[in-house]
Amino acid sequence: MTTTAPTTADRDPFSDIKIATLAHLKQHGCGCYPYSDGSLLATLTAATKATTVVELGTALGYSAAWFAGTGAHVHTIDRDPVHSRRAYDHLARHNLADRVSRHTGEGTHILPTLALTGTDIAFFDGYAPTAAAIRALTATLRPGGLLIAGNMTLGGQADQIRDQLATWQHTDLGETLLAVKPQ
Ligand SMILES: C[S@@+](CC[C@H](N)C(=O)[O-])C[C@H]1O[C@@H](n2cnc3c(N)ncnc32)[C@H](O)[C@@H]1O
């Protein structure tokens, strides 16, 4: 008999949130897919010693939980108040609610009002990325801070975003773009 070694995905501490998100998506068809690789988010947070993260696209709190689980503080934005409320319940169950500040509204409207500067990581996980959302997120980053932009293969304004970030050190990891803000 052959056995397969467990992978990080088999040891997901937030699998309950992922399952709840997929069930919600099935019921409402709202497109709130949980991010495909939570452990990547936590690994990048730990590797960069990030203490502050700003996220566009809370959904039911799956990616926020992975970021907050490293000890970082997360500002997360979602325009759907039901998603945001359910995210609170999930994060509270994992004792992470006090590490996550939730903001409800359109990302490009909310971000400037938060007046965040010097964040270490900016994460985009709304649906297809827009140039305006990426601009608003990256404005919060410190020099040397990391942009993690999901859903780059969904179309939208991906080409425009790549032009915007042409001078940034960047690479593609599947559907995710990683880019470091110039010093
Ligand atoms: C793909 S889901 C996010 C998944 C989440 N990061 C996770 O890992 O579970 C996208 C979420 O972004 C929200 N959203 C999409 N566009 C947005 C925008 N322009 N401003 C605020 N929220 C937005 C949607 O309501 C939805 O909850």
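These notes cover the structure that comes with them.

What counts as what
Residues numbered from 1 in each chain as written. Predicted model: local features only at pLDDT ≥ 70, side-chain atom pairs only at ≥ 80, totals over all residues. Heavy atoms only, no water. Helix = DSSP H or I, 4+ residues; strand = E, 2+ residues; numbered from the N terminus. Rg over C-alpha atoms; globule rule 2.2 N^0.38 Å. Buried < 20%, exposed > 50% of the residue type's maximum accessible area, 1.4 Å probe, protein only. Contact = heavy atoms within 4.5 Å. Lys, Arg positive; Asp, Glu negative; His and termini not counted. Charge placed at Lys NZ, Arg CZ, Asp CG, Glu CD. Near = heavy atom within 4 Å. Polar contact = N/O pair within 3.5 Å; in protein donor to acceptor, adjacent residues only side chain to side chain. Areas by Shrake-Rupley, 256 points an atom, 1.4 Å probe, with all protein chains shown as cover. Nonpolar A, V, L, I, M, F, W, Y, C, P; charged D, E, K, R; others polar. Salt bridge = Lys/Arg side-chain N within 4 Å of Asp/Glu carboxyl O. Axes fitted to C-alpha atoms, helices over the stretch in contact; angles between N-to-C directions. Parallel < 35°, antiparallel > 145°, perpendicular 65-115°, else oblique. Left-handed = near helix turned anticlockwise from the far one by under 90°. Pairing = 2+ DSSP bridges.

Observations regarding the overall build of the protein chain
- Check the secondary structure of the protein chain and you find seven helices and seven strands.
- Listed N to C, the secondary structure of the protein chain is α-α-β-α-β-α-β-α-β-α-β-α-β-β in terms of helices and strands.
- Its C-alpha atoms give the protein chain a radius of gyration of 16 Å, near enough to 16 Å, the size a compact globule of 183 residues would have.
- Principal-axis analysis of the C-alpha atoms gives the protein chain an extent of 50 × 40 × 30 Å.
- Counting all 183 residues of the protein chain, 49% fall into the buried class.
- If you take every contact in the protein chain between residues at least 6 apart in sequence, the share linking residues at least 24 apart comes to 67%.
- Of note, the protein chain has its 14 positive side-chain charges centred 4 Å away from the centre of its 16 negative side-chain charges.

Looking at the site of the ligand
- Not every one of the 21 residues close to the ligand is listed here, only the nearest: S63, D78, H83, E106 and D125.
- Between the ligand and the protein, one listed contact pairs a nitrogen atom with a backbone N or O atom of R79 at 3.1 Å.
- Here a nitrogen atom of the ligand sits 2.7 Å away from a polar atom, N or O, in the side chain of E106.
- Contact with the protein chains covers 94% of the free accessible surface of the ligand, which is 600 Å².
- Partitioned by chemical class, the residues of the shell around the ligand number eight nonpolar, eight polar and five charged.

Brief notes about helix α2 (residues 38-47)
- α2 sits mainly inside the fold: seven of its ten residues count as buried.
- Those residues of α2 that sit buried are G38, S39, L40, L41, A42, L44 and T45.
- Elements that come into contact with the buried residues of α2 comprise α3 (62-68), β4 (119-124), β5 (141-149), β6 (169-173) and β7 (176-180).
- Phi for K49, located one or two positions after α2, is positive at around 55°.

A word on the pattern of salt bridges
- Within this structure, the stated rule accounts for four salt bridges.
- Here D120 makes a salt bridge to R142, at a shortest N to O gap of 2.7 Å. One end of the pair, D120, is in strand β4; the other, R142, is in strand β5, and 22 residues separate them in sequence.
- Of the residues examined, R142 reaches a relative accessible area of 28% and is grouped as partly exposed.
- As a salt-bridge pair, R162 and D172 come within 2.8 Å of each other at their nearest N and O atoms. Here R162, found in helix α7 (residues 158-164), pairs with D172, found in strand β6; they are ten residues apart in sequence, far enough to count as distant.

With respect to the packing of helix α1 (residues 15-28) against helix α4 (residues 81-93)
- Remark: α1 packs on α4, axes separated minimally by 11 Å, with the N-to-C direction vectors making an angle of 160°. Here α1 is positioned roughly antiparallel relative to α4, judged by the angle of their axes. Crossing angle aside, the handedness with which α1 passes α4 is right-handed. Residues D16, I17, A20 and H24 of α1 form the contact with α4, whose own contacting residues are V82, H83, R86, H90 and R93.

What about the pairing of β7?
- Across the five residues of β7, four count as buried, placing the element largely inside the fold.
- Note that β5 and β7 share four bridges and pair antiparallel. Considered in β7, the bridge of A149 is made with L177.
- In this sheet, β7 lies alongside β6 in antiparallel orientation, the contact comprising five bridges. When the sheet's bridge partners are listed, D172 is paired in β7 with L177.
- Hairpin geometry of β6 and β7 is characterised by an intervening segment of two residues between the two adjacent antiparallel strands and by a positive phi of about 60° at G174.

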